[in-house]
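# Overview (structure and organization)
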Amino acid sequence: KGVTLFDPSGATAAALGKAGFAPPVLKELDDKALAGVAVLMIAEGAGKDAALVKAGDAVKKFVQDGGSVLSLPQEALDPAWIGTSLNITPKVTSIAWVRAPNHPLMQGFTSEDLQFWFPDHRVSSRDLLKPRQGDFTAIVDAGLGNSRMDYTGLLEMRAGKGRYLFCQMLLT
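Residues numbered from 1 in each chain as written. Predicted model: local features only at pLDDT ≥ 70, side-chain atom pairs only at ≥ 80, totals over all residues. Heavy atoms only, no water.

### Thoughts on the pattern of salt bridges
Let me state the cut-off plainly: By salt bridge we mean one thing: a side-chain nitrogen of Lys or Arg within 4 Å of a carboxyl oxygen of Asp or Glu. By the criteria applied, helices consist of DSSP H or I runs no shorter than four residues and strands consist of E runs no shorter than two, each listed in order from the N terminus. When accessible area is computed with a 1.4 Å probe and restricted to protein chains, residues below 20% of their type maximum are described as buried, those above 50% as exposed, and intermediate ones as partly exposed.
One pass over the structure, following the stated rule, counts ten salt bridges. The salt bridge partner of Asp-150 is Arg-132, with a shortest N-O separation of 3.7 Å. With Asp-150 in the loop between β9 (136-142) and β10 (151-159) and Arg-132 in the loop between β8 (128-129) and β9, the pair connects residues that are 18 residues apart, well separated along the chain. Residue class for Asp-150 comes out buried when judged on its relative accessible area of 13%. With a closest N to O distance of 2.8 Å, Glu-156 and Arg-158 form a salt bridge. Residue classification places Arg-158 among the partly exposed residues on the basis of a relative accessible area of 30%. Residues joined in a network through salt bridges with shared partners are Asp-135, Glu-156, Arg-158 and Arg-163.

Structure (structure tokens):
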């Protein structure tokens, strides 16, 4: 069991390959394709891909049964594979804050690590509006500088025995 990438365009696989990480790639999704997968990574920009939307029930079952989905930065997210609507905003962040310091993804990171990334000082783009209800954890906060931390670049949503991680942070 390991990480498997859903990447219809191949662009994310190419970027990850340049970094020395080459997970198996799925072009289509169904229960059979997800059997034995621990983490399903959704490629950048694939959040409304027709094959992903068509496989929505299989992805939701995968998570309910204990699988994890890591969604890389998206311009849009279809609720068919998530089970709820999330709001992607046009917000761009240069300074973010660790909201959940005890979360395993934040081990070794401080808020100072989430500021002014090279080359254009952006840390995240198209931040998510924090959900007001549900089993969510904002792992990284992004605000407007007016003490309102309504946005997040890294959000965890638990569902059944599994979870979704939505990452709008500019990692690639």
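### Concerning the nonpolar core
One recurring pattern in soluble globular proteins is that nonpolar side chains are buried together. The condition that has to hold: Throughout this description, the term nonpolar core refers to a set of buried Ala, Val, Leu, Ile, Met, Phe, Trp, Tyr and Cys residues connected via side-chain atoms within 4.5 Å. Working rule for contacts: check all heavy atoms of both residues, and any pair within 4.5 Å makes them a contact.
Counting residues in each nonpolar core, the largest one holds 31 residues, and the members touching the most others are Leu-29, Leu-40, Val-59, Val-69, Trp-81, Tyr-164 and Phe-166. Residue assignment for this core shows that the elements contributing at least two residues are β1 (3-6), β3 (39-42), α4 (56-64), β10 and β11 (162-167). The element contributing the most residues to this core is α4, with four residues. Setting aside chain neighbours within four positions, we find Leu-40 in contact with Thr-4, Phe-6, Leu-26, Leu-29, Leu-34, Val-59, Phe-62, Ser-68, Val-69 and Leu-70. Val-98, Val-123, Leu-165 and Met-169 belong to the second-largest nonpolar core, a separate cluster that totals eleven residues.

### Describing the environment of Arg-132
Residue classification places Arg-132 among the exposed positions, given a relative accessible area of 67%. Separated by 18 residues in the primary sequence, Arg-132 and Asp-150 have C-alpha atoms spaced 9.6 Å apart.

### Things to note about the packing of aromatic side chains
Definition in use: Pairing of aromatic rings covers Phe, Tyr and the six-membered ring of Trp, with a centre-to-centre limit of 6.5 Å; geometry is then stacked below 30 degrees between planes, edge-to-face above 60, and tilted otherwise. Note on criteria: charge over ring means Lys NZ or Arg CZ within 6 Å of the ring centre, with the direction from the centre no more than 35 degrees off the ring normal.
In the structure shown here, the tally under the stated rule is three aromatic pairs. Here Trp-81 and Tyr-164 contribute two aromatic rings whose centre-to-centre distance is 6.2 Å and whose plane-to-plane angle is 55°, an arrangement assigned as tilted. Highlighted residues: Trp-81 in the loop between β4 (68-71) and β5 (92-93) and Tyr-164 in strand β11, separated in sequence by 83 residues. Neither Trp-81 nor Tyr-164 differs from the other in exposure class; each is buried. Aromatic pair Tyr-164 and Phe-166: ring centres 5.8 Å apart, planes at 10°, arrangement stacked. Its relative accessible area of 1% is what places Tyr-164 among the buried residues. The aromatic ring of Tyr-151 is capped on one face by Lys-91, whose charged end is 5.8 Å from the ring centroid.

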